[in-house]
Amino acid sequence: MDVHKGNIFSILDGNKQFIIPLYQRLYSWDKIQCEQLWTDIVNMQKKHKQGHFVGSIVNIAEKAMPTGVQKYMIIDGQQRLTTLTLLLIALRDYAQNHPEDETINAVKIENVHLKNQYEKKDERYKLLLTQTDKDNLIALIEKRSGIDTETKIYKNYCFFQEKIEQNDIKPLEIYEAVGKLQIVNITLERTVDDAQAIFESLNSTGKELSQSDLIRNYVLMGLDTEKQTELYENIWRPMELLFGKQTDKLDGFFRNYLTLKLARVPRENDIYDEFKLYHLKDANLSIEKLCQDLLDYAEIYTDILFEKSVNITRKKLYQDINTLQISVAYPFLMKVCMDCKNEIISENELIEIISLCCSYVFRRNICGIPTNSLNKTFATLRTHINEDDYLNSIKAFMILRNDYRLFPDDELFTEAFVKKDIYNMRTRNYLLNHLENFENKTSVVIENLTIEHIMPQNTDLCEEWKKDLGSNWKDVQKQYLHTIGNLTLTAYNSEMSDKPFAEKMEMDGGFKQSALRLNSYVIKQCTWNEEKIKERARELAQKAVKIWKYPSLSAEDLSLYSEQIDHDIQYDIASYEMNTATEALFTLLDKRILNLSSTVRRELKKKYVAYKVDTNFADIIFQKNGLRIYLNMPFNSVADPKNLCRDVTGIGKWGNGDVSINFNEDSKIDDVMALIEQSFNFQFN
């Protein structure tokens, strides 16, 4: 490793070329980063500072040739180097456009800082960018037409051009200030230095690398140039192109990919580290196989994300997934879509599985069940799939949940559906759209319509409405106003306004003239009151249970899976064998654990008592002489000053986790609780 402190002029001096590898991200600095650089330059000159540190440039020196250009592969610092190059181009152009200002030498800037004067083709340029950035930067240097004016290369060049023309400080002062910007130039030897390790440890200024940037560099940096080019052009670049201009979605893809592979959800800031561990743990997973697997899953992921499919039904279901914002289901959906592609399941089976996912989330939404556990439910669902009985195993998993992962049955769903405040739901249009267009060959575009309250929202109803609703009209309005029984669609919302029901029925564009299926019950009525609202709600609920179906499975098929499910309702504290001393210890510990937070739930399993928020953080097993506690966290993460813990990683047991504690003396309660609290907190870190 060769480290030199210098400036941009000394770095570019000589017959050199700095190359941005194919795998590096495109130039990404925005105006805000350029403004900061400009401010540093102006302040340095106005305050007569001798210098200003702007970061480092890390590169790998390629094999030196006896003649020609010495090339360096940039692994960190391309944003800084490119931006300073754009500033130098703007200074050169200013000098060429203002020959009267002889303080700036345009020829020197061009032939010393921008070009290798006597070289040809690509070797002519000091800085060689990647992909489309390369052509745009060369076009600026050569003053060619055809540059893409929407790129950050061009926009930032224009920013500096404008700043120079404003003459806030003299062009010569700008040139001098650029020479005062201090840069640490780190040159590595490919065969000696670990470029990836150094790259990871850098904490440079500028735009922070995304998790997907780090992953791309990790995958491609260690390969030789030929292999880099092959993998990048044939696999990696096609994968990135699937995301179009939304490359910011790549981080989400990698997180969902890892969730699929690991059956757990990595934290957002740990995606890169988790990816490396995933790759390193599988000795048979070559870089080529890994990249191909990523491309295969990225094709499925972007189909779901961007709602693409030649199958119209599947495309509509992708739209429903995104409307319901069920991104937590992506890992599971990637799995089942891939299995369909590999002909493990049929297209019809896939359609039914995706439909069940929508029904599961929507029914829970209607029933007001919290969504904070859905990510872990879908992350682990794939582990319950029996490939010999694929669809039924998924149905059984959904039917047999009676804990926080409950799939509400028709009775629970209907009861909640008729009472729910539908109007203030985020998914109200989704709901009304499906109610209107279910089994309708001619779909209605509800975006052209607005929601109509049949009984108006106005708290000061007209006399006709008060008469229809009865003496308790205020209570009726309060209870049923926003419920499904009182909501419909119309193109005449403003015309209907607060008019009496009879007028809404008979007016031009009124209910009697409506061809909407949502109004099929309404147009048969002569009046509108509590009973009509309730009756219509029940009618729409009958349709809703057909749209958002509950999984259907025969008792015989279900029995094959029911024994695998540990139903909480079958057990109570009396189910466990405890002597008086053990019961006292449990009572003491149980109270302390439940007092950790109002979010803590206790679940009684067949062999143990579980304490959880989203997932188990502590499990208690009853023994003759006390309690055994399992903590669901890595053993090496526990702070255990009293040496109470035992490492049970990989050892078969009833409880969950890698940490075991024996609790047989109440005097140890504070020490034991300190350990349990660590496991509780581990869930949220």
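See above for the structure.
Residues numbered from 1 in each chain as written. Predicted model: local features only at pLDDT ≥ 70, side-chain atom pairs only at ≥ 80, totals over all residues. Heavy atoms only, no water.

*Asks:* Could you give an account of the side chain of R536, with specific residues and numbers?
*Replies:* Within the secondary structure, R536 is located in helix α25 (residues 530-547). One buried charged residue, R536, forms no salt bridge at all, with the nearest opposite charge on E539 at 6.3 Å. Once residues within four sequence positions are removed from consideration, R536 is found in contact with I454, I484, G485, N486, L487, T488, L518, Y521, V522 and W528. (Helix = DSSP H or I, 4+ residues; strand = E, 2+ residues; numbered from the N terminus. Buried < 20%, exposed > 50% of the residue type's maximum accessible area, 1.4 Å probe, protein only. Lys, Arg positive; Asp, Glu negative; His and termini not counted. Salt bridge = Lys/Arg side-chain N within 4 Å of Asp/Glu carboxyl O. Contact = heavy atoms within 4.5 Å.)

*Asks:* Can you explain the state of the cysteines? Please cite residues and give values.
*Replies:* Scanning the entire structure with this criterion turns up zero disulfides. Here C358 is not cross-linked by a disulfide; its sulfur's nearest cysteine counterpart is in C357, at 6.9 Å. (Disulfide = S-S within 2.5 Å.)

*Asks:* Requested: an account of the environment of I109, with residues and values cited.
*Replies:* By the element assignment, I109 lies in helix α4 (residues 106-114). In this view, I109 contacts L88, L91, R92, I104, L114 and Y175; residues no more than four positions away in its chain are not counted.

*Asks:* So what's going on with the nonpolar core? Which residues, and what values?
*Replies:* Ranked by size, the top nonpolar core spans 157 residues in total, and within it W236, F253, F254, F332, F378, F417 and L431 carry the most contacts. Here F378 is in contact with I326, V328, A329, F332, C357, Y360 and V361, once residues within four sequence places are set aside. In this structure, F617, I629, V672 and I676 belong to the second largest nonpolar core, which totals 29 residues. (Core = buried A, V, L, I, M, F, W, Y, C linked by side-chain atoms within 4.5 Å.)

*Asks:* Provide a residue-level description of helix α3 (residues 78-97), including the pertinent values.
*Replies:* When the terminal C-alpha atoms of α3 are compared, their 28 Å separation across 20 residues agrees well with the 28 Å that a helix rising 1.5 Å per residue should span. Of all 20 residues that make up α3, 18 are buried, and the element is covered over most of its length. (Expected span 1.5 Å × (residues − 1).)

*Asks:* Tell me about the packing of aromatic side chains, and please be specific about residues and values.
*Replies:* Counting across every chain of the model gives 31 aromatic pairs. Seen from their ring centres, F243 and Y301 are 6.1 Å apart, and the 40 degrees between their planes marks the pair as tilted. Within this pair, whereas F243 is found in the loop between α10 (225-241) and α11 (250-262), its partner Y301 is found in helix α13 (residues 287-305), the two being separated by 58 residues in sequence. Taking the relative accessible area as the measure of exposure, F243 reaches 2% and is therefore buried. Look at F617 and F680: their rings are 5.3 Å apart centre to centre, the planes differ by 75 degrees, and that puts the pair in the edge-to-face class. With a gap of 63 residues between them, F617 in strand β11 (residues 616-623) and F680 in helix α28 (residues 669-682) connect regions that are remote in the sequence. Across this residue pair, the class does not change: F617 and F680 are buried. Following the ring pairs from residue to residue traces out a cluster consisting of Y218, W236, F243, F253, F254, Y257, Y272, F275, Y278, Y297, Y301 and Y330. A cation over an aromatic ring shows up here: R401 above the ring of F397, its NZ or CZ 4.2 Å from the ring centre. (Phe/Tyr/Trp six-rings, centres within 6.5 Å; stacked < 30°, edge-to-face > 60°. Lys NZ or Arg CZ within 6 Å of the ring centre and 35° of its normal.)

*Asks:* Mind laying out the sheet that holds strand β10 (residues 609-612), listing which residues take part and the relevant values?
*Replies:* One open sheet accounts for six strands, arranged β9-β10-β11-β12-β14-β13; its pairing is antiparallel. Edge positions in the sheet fall to β9 (601-604) and β13 (645-647), since each has one partner strand and no second. Neighbour-to-neighbour, the strand axes of this sheet turn through a mean angle of 25 degrees, independent of strand direction. Examined bridge by bridge, strand β12 (residues 626-631) and strand β14 (residues 659-663) share five bridges and lie antiparallel to one another. Within β14, the residue paired with L627 across the bridge is F663. (Pairing = 2+ DSSP bridges. Axes fitted to C-alpha atoms, helices over the stretch in contact; angles between N-to-C directions.)

*Asks:* Before we move on, can you summarise empty space enclosed by the protein with the specific residues and values?
*Replies:* A complete count under the given rule lists three cavities of 30 Å³ or more for this structure. Roughly 40 Å³ of internal volume is contained in the second largest cavity. Secondary-structure elements contributing two or more residues to the lining of the second largest cavity are α17 (374-381) and α18 (390-399). When residues in the lining of the second largest cavity are grouped by element, the largest group, three residues, is from α17. (1 Å grid on protein atoms, 1.4 Å probe; cavity = no way out; pocket = protein on both sides within 12 Å on 5 of 7 lines; lining within 4 Å. Points joined across faces, edges and corners; volume = space filled by probe spheres on them.)

*Asks:* Provide a residue-level description of unusual backbone geometry, including the pertinent values.
*Replies:* Of note in this structure, E343 is not a glycine but carries a positive phi near 65 degrees. Along the chain, the position of E343 falls in the loop between α15 (330-341) and α16 (347-366). Taking relative accessible area as the criterion, E343 reaches 70% and is therefore assigned exposed. Residue S497 is not a glycine yet carries a positive backbone phi of 45 degrees. We classify S497 as partly exposed; its relative accessible area is 38%.

*Asks:* So what about the sheet that holds strand β5 (residues 127-128)? Which residues, and what values?
*Replies:* Strand order across the open sheet formed by six strands is β1-β6-β3-β4-β2-β5, with mixed pairing between neighbours. Edge positions in the sheet fall to β1 (2-6) and β5, since each has one partner strand and no second. Of the pairings in the sheet, the one linking strand β3 (residues 52-61) to strand β6 (residues 181-188) comprises eight bridges and is parallel in character. Bridged to G55 within β6 is I183.

*Asks:* Describe the pairing of β3, listing the residues and the values that go with them.
*Replies:* Across the 10 residues of β3, seven count as buried, placing the element largely inside the fold. Here four bridges tie β3 to strand β4 (residues 70-76), and the two strands are oriented antiparallel to one another. The residue of β4 that forms the bridge with N59 is I74.

*Asks:* Before we move on, could you go through the environment of T151 and cite the residues and values that matter?
*Replies:* Note on placement: T151 falls in the loop between α5 (131-142) and α6 (152-166). We classify T151 as buried; its relative accessible area is 13%.

*Asks:* Tell me about the side chain of N7, and please be specific about residues and values.
*Replies:* Mapped onto the elements, N7 comes out in the loop between β1 and α1 (8-12). Side-chain polar atoms of N7 contact the backbone nitrogen of F9, separated by 2.9 Å. Within the structure, the side chain of N7 is placed 2.7 Å from the backbone oxygen of G179, a separation counted as a polar contact. Setting aside residues no more than four positions away along its own chain, N7 makes contact with V178, G179 and L181. (Polar contact = N/O pair within 3.5 Å; in protein donor to acceptor, adjacent residues only side chain to side chain.)

*Asks:* Describe the pairing of β9, with residues and values.
*Replies:* Summarising the sheet, β9 and β10 pair through four bridges and their orientation is antiparallel. The residue bridging R601 from the neighbouring strand is K612, located in β10. Hairpin connection between β9 and β10: a loop of four residues separates the two successive antiparallel strands.

*Asks:* Just give me the short version of the packing of helix α14 (residues 312-323) against α15, but keep the residues and values in it.
*Replies:* Two numbers describe how α14 lies on α15: the axes approach to 13 Å, and their chain directions differ by 170 degrees. Our classification of the angle between α14 and α15 gives roughly antiparallel. Along the contact surface, α14 presents R314, Y318, I321 and N322, while α15 presents Y330, L333, C337 and C340. Taken together, the residues that form the contact of α14 with α15 break down as six nonpolar, one polar and one charged. (Parallel < 35°, antiparallel > 145°, perpendicular 65-115°, else oblique. Nonpolar A, V, L, I, M, F, W, Y, C, P; charged D, E, K, R; others polar.)

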